[in-house]
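Overview (structure and organization)
Each chain is listed here by its residues.
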Protein chains: 2
Amino acid sequence: MFSLLNMSSAIDPGDLTARATIRNAALRLFAERGPDAVTVREIATQAGVSPALVLHHFGSKDGLRAEVDAFAAHAFDAILEAMPTEELAELLTGGSTRGSLAEAFARGFPPGSPLPAYLRRLLLTNDPAGAALFGRWYAATRRLLDMLVEMGVARPSEDPDVRAAFFLVNDLALIVLRNQIAVAIGADPLTPAGMDRWAREAGIVYAEGAFRAPQKE
Amino acid sequence: MFSLLNMSSAIDPGDLTARATIRNAALRLFAERGPDAVTVREIATQAGVSPALVLHHFGSKDGLRAEVDAFAAHAFDAILEAMPTEELAELLTGGSTRGSLAEAFARGFPPGSPLPAYLRRLLLTNDPAGAALFGRWYAATRRLLDMLVEMGVARPSEDPDVRAAFFLVNDLALIVLRNQIAVAIGADPLTPAGMDRWAREAGIVYAEGAFRAPQKE
DNA sequence: CAGTAGACTAAACACGTGATCAGTCAACCG
DNA sequence: CGGTTGACTGATCACGTGTTTAGTCTACTG
């Protein structure tokens, strides 16, 4: 008897290993609901395999979690590595859209990708990996801002640490409050359309301010 | 024999009912780790009662959760109610600090209060209560911004929906990314000291912008 | 002083969880 | 061909969970 189910390449459309299929299913579920709220049985069902196979491949649920973490971190670094030069170029050419992390993500990931949601979880839990990621992005923002000041493009600040954090978290707010923003403005801010509206307003405020200065000037 | 443990008023310093003690313990634990990650036994231990008493008073864990939700929502509304006039007054008198939700919270809640963390969780989960809260705050922000434009204090925007959302989520970012911000700038942004630094930078950017406008003007 | 109501607890129950185990099957190697 | 390796599964385990039950003790009521 010829068993289709045991041909690992036939488990899922796309010729993926069973391992990869399980990892992808876990990534998607972890991103949406968090690892603690997802059961091994659920992952197995979604991947079309038995629960025991999940632990056969990854040792334990925590092992799977670690592997998914590493996979996601790798994907994020790939995005981040391709960004700063591109972002800088856009900024210096005075392009219409301001360089931003959220924007880079919207461009770098396919529309249905679970990675933005995964990133969100990483930043919001007390995960050390999330803290490390935030730290690297903060340092990059800080450096970029210093560079822009030196170039005369950005005005200097008395408290550059806070200003860099201000810009970074305003940007990340798009990712972490995505759903709330979507219902408020009637458009997903991580799609190109929503992103355009957002970038235009942010760009204006960052360039000109939003209030008529009451006492200064 | 005289039993101290059964005198409800002696269970906890502060003359609280056992019910209130349990509710407070649950609020604190829910805020820190989320309701799903907290066990009934844990709440009971922290409150100094038996696990069965928790369910005796609240029917079920979900019942307790609902009661804690209602309690927190009530506290938030109280803060929100006292804010807009005060905020408006500060704004119109040209006070040093810009009116903001995060600021109002830092002023309105004692330093160790679990309510900011609870609010954070409410906004970040897909909880309908959180969506409702965000919706009300968004409407208030939108109205305030319109009013300021009408008064000539704020510059009009082509996309006021997005601009209001932009201001609101920048503000809420202080609450949802509090920990990451704290390690980045070296100060908890929800304490008066950290809040001052943050408000100063935000105020400057919102008033004057941060970049030298490249093409406009 | 009975007697009832309610705060409170110890013990146990039903169930879903992550994990283990023994075993089947296909592929590969000598 | 015989034998070993490894992907894969069904059955089962130990355990923590929310909840229930039976019962104790105190305070109040007539």
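Shown above is the structure to which this text applies.
These numbers come from a predicted model, not from an experiment.

1. A closer look at the packing of aromatic side chains
Considering all chains together, one arrives at twelve aromatic pairs over all chains under this definition. Taking 4.5 Å as the distance between ring centres and 70 degrees as the angle between the ring planes, the aromatic pair formed by Phe167 of chain A and Tyr206 of chain A counts as edge-to-face. Of this pair, Phe167 of chain A sits in helix α8 (residues 160–176) while Tyr206 of chain A sits in helix α10 (residues 192–208), and the two are 39 residues apart along the sequence. When its relative accessible area of 2% is taken as the criterion, Tyr206 of chain A is described as buried. Ring centres of Phe166 of chain B and Phe167 of chain B lie 6.0 Å apart, and the angle between their planes is 65 degrees; this geometry places the pair in the edge-to-face category. Taken as a pair, Phe166 of chain B and Phe167 of chain B share a single burial class, namely buried. One aromatic cluster is present, built from ring pairs that chain together Phe166, Phe167, Trp198, Tyr206 and Phe211 of chain A together with Phe166, Phe167, Trp198, Tyr206 and Phe211 of chain B. Over the ring of Phe71 of chain A we find Arg23 of chain A; its NZ or CZ atom is 4.1 Å from the centre of that ring.

2. Focus on the packing of helix α1 (residues 18–33) of chain A against helix α2 (residues 40–47) of chain A
All names here are of chain A. Where α1 contacts α2, the two axes come as close as 9 Å, and the packing angle between them is 125 degrees. Judged on the interaxial angle alone, α2 and α1 are oblique. Crossing handedness for the pair α1 and α2: right-handed. For the pair formed by α1 and α2, the contact residues are Thr21, Ile22, Ala25, Ala26, Leu29, Phe30 and Arg33 on the first element and Glu42, Ile43, Gln46 and Ala47 on the second. Residue composition of the contact of α1 with α2, by class: seven nonpolar, two polar and two charged.

Here is what the cut-offs are and how they apply
Residues numbered from 1 in each chain as written. Chains lettered and ligands numbered in written order. Predicted model: local features only at pLDDT ≥ 70, side-chain atom pairs only at ≥ 80, totals over all residues. Heavy atoms only, no water. Phe/Tyr/Trp six-rings, centres within 6.5 Å; stacked < 30°, edge-to-face > 60°. Helix = DSSP H or I, 4+ residues; strand = E, 2+ residues; numbered from the N terminus. Buried < 20%, exposed > 50% of the residue type's maximum accessible area, 1.4 Å probe, protein only. Lys NZ or Arg CZ within 6 Å of the ring centre and 35° of its normal. Axes fitted to C-alpha atoms, helices over the stretch in contact; angles between N-to-C directions. Parallel < 35°, antiparallel > 145°, perpendicular 65-115°, else oblique. Left-handed = near helix turned anticlockwise from the far one by under 90°. Contact = heavy atoms within 4.5 Å. Nonpolar A, V, L, I, M, F, W, Y, C, P; charged D, E, K, R; others polar.

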